[in-house]
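Listed below, chain by chain, are the residues.
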Amino acid sequence: ETRGIAMNLSFDMVNGFIVDLCYELTDKQEHKKAYTKDALTWRVFKALGSRENSVDSEIHLDRLNELFLNEPKLKEYYQDSLLKKYQLSAKIAEIFSKYLTYRVDWLESWERNQPIDATKISEDEPWQMWLWQILVADISDTPHKVQKEAISKLSKQILEKHNVPENIYIFGVN
């Protein structure tokens, strides 16, 4: 302070701060990064490849076979190219990452095996629902579930135990 130098400061994005805090409050930090865009990319890549590497359950394999029968364009896109499969996985992960921020209600519907709107199902919804269910079956502590659990556990004692600052200042630069 005496020299006017600031260091070791953290400027988190608001959503990132809230998600990190929720994972800490619920003691589920081991899966905190599982739903980041980078981790989702590789998890989607693995799920798309599980048809060839059939170590998954028979139900999973049956659903995957059904998916590729009904959605051949998905498989055809990356048919013989790991690079294309990775690129597709990255795009899907980016979309799922946006859903986690802006369309949690869609993801919750898919987790209940229900379409977003039963009156008009888009052609891409079935495979997205299936893929999301596979990801959640692998790691069920999604950010929106952890946030709900953290809110239900909130108390002054819990916040003090986890050294949550008494004041949090939020500002934005546009």
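Residues numbered from 1 in each chain as written. Predicted model: local features only at pLDDT ≥ 70, side-chain atom pairs only at ≥ 80, totals over all residues. Heavy atoms only, no water.

Caption draft 1: Highlighting the pattern of salt bridges. Overall, the coordinates contain 6 salt bridges when judged by the stated rule. Across the salt bridge formed by Glu108 and Lys148, the nearest N and O atoms sit 2.5 Å from each other. Of this pair, Glu108 sits in helix α6 (residues 104-111) while Lys148 is found in helix α8 (residues 143-153), placing the two residues 40 residues apart along the sequence. Here the salt bridges share partners, and the residues they tie into one network are Lys28, Asp141 and Glu149. (Salt bridge = Lys/Arg side-chain N within 4 Å of Asp/Glu carboxyl O. Helix = DSSP H or I, 4+ residues; strand = E, 2+ residues; numbered from the N terminus.)

Caption draft 2: View of the environment of Ser152. Within the fold, Ser152 resides in helix α8. Sequence spacing of Ser152 and Thr26 is 126 residues, and the spatial spacing of their C-alpha atoms is 9.9 Å.

Caption draft 3: Focus on the environment of Glu125. Looking at the secondary structure, you find Glu125 in helix α7 (residues 125-138). C-alpha of Glu125 to C-alpha of Pro115: the two residues are 10 residues apart in sequence and 7.5 Å apart in space. Excluding its chain neighbours within four sequence positions, the residues that come into contact with Glu125 are Trp110, Pro115 and Ile116. (Contact = heavy atoms within 4.5 Å.)

Caption draft 4: Expanded view of the packing of α6 against α8. The contact between α6 and α8 brings their axes to 10 Å, and the two run at 100 degrees. Between α6 and α8, the angle falls in the class roughly perpendicular. Each of Val104, Leu107, Glu108 and Glu111 in α6 lies in contact with α8, whose residues at this interface are His144, Lys145 and Lys148. Residues of the contact of α6 with α8, tallied by class, amount to 2 nonpolar, 1 polar and 4 charged. (Axes fitted to C-alpha atoms, helices over the stretch in contact; angles between N-to-C directions. Parallel < 35°, antiparallel > 145°, perpendicular 65-115°, else oblique. Nonpolar A, V, L, I, M, F, W, Y, C, P; charged D, E, K, R; others polar.)

Caption draft 5: Molecular detail of α8. Looking only at α8, the buried set comprises Pro143, His144, Val146 and Ala150. Along the axis of α8, the buried positions cluster into a sector of 160 degrees, meaning they face one direction only. Those residues of α8 that are exposed and aimed more than 90 degrees away from the buried face are Lys148 and Ser152. As for α8, its buried residues are in contact with α1 (14-25), α5 (82-102), α6 and α7. (Buried < 20%, exposed > 50% of the residue type's maximum accessible area, 1.4 Å probe, protein only. Arc of directions from axis to C-beta.)

Caption draft 6: Fine view of unusual backbone geometry. For Asn113, which is not glycine, the phi dihedral falls at a positive 65 degrees. Position of Asn113 among the secondary structure elements: in the loop between α6 and α7.

Caption draft 7: Just the packing of aromatic side chains, in detail. In total, this model carries 7 aromatic pairs according to the counting rule given. Between Trp42 and Phe45 the ring centres are 5.4 Å apart and the planes differ by 65 degrees, which places this aromatic pair in the edge-to-face class. Of this pair, Trp42 and Phe45 both sit in helix α2 (residues 37-49), 3 residues apart, which is roughly one turn of that helix. Seen in terms of ring centroids, Phe96 and Trp132 are 5.3 Å apart; in terms of plane orientation they differ by 75 degrees. Their pairing is edge-to-face. Placement of the pair is Phe96 in helix α5 and Trp132 in helix α7, with a sequence separation of 36 residues. Comparing Phe96 with Trp132 shows no difference in burial state: the two are buried. The ring of Tyr35 carries Arg43 above its face, with NZ or CZ at 4.8 Å from the centroid. (Phe/Tyr/Trp six-rings, centres within 6.5 Å; stacked < 30°, edge-to-face > 60°. Lys NZ or Arg CZ within 6 Å of the ring centre and 35° of its normal.)

Caption draft 8: Here's a closer look at the environment of Ser109. Residue placement: Ser109 occurs in helix α6. Between the alpha carbons of Ser109 and Met129 there is a distance of 8.7 Å; along the sequence they are 20 residues apart. Apart from the residues within four sequence positions on either side, Ser109 is in contact with Gln114 and Pro115.

Caption draft 9: Representation of the nonpolar core in the model. By size, the foremost hydrophobic cluster in this structure holds 24 residues, and its most contacted members are Tyr35, Leu40, Ile92, Phe96, Trp110, Leu131 and Trp132. For this core, the secondary structure elements donating two or more residues are α2, α4 (72-78), α5, α6 and α7. In contact with Tyr35, other than residues within four places in its own chain, are Leu40, Arg43, Leu100, Trp132, Leu135, Val136, Ile139, Asp141, Thr142 and Pro143. One finds Leu21, Cys22, Val146 and Val164 within the second-largest nonpolar core, a separate group that totals 8 residues. (Core = buried A, V, L, I, M, F, W, Y, C linked by side-chain atoms within 4.5 Å.)

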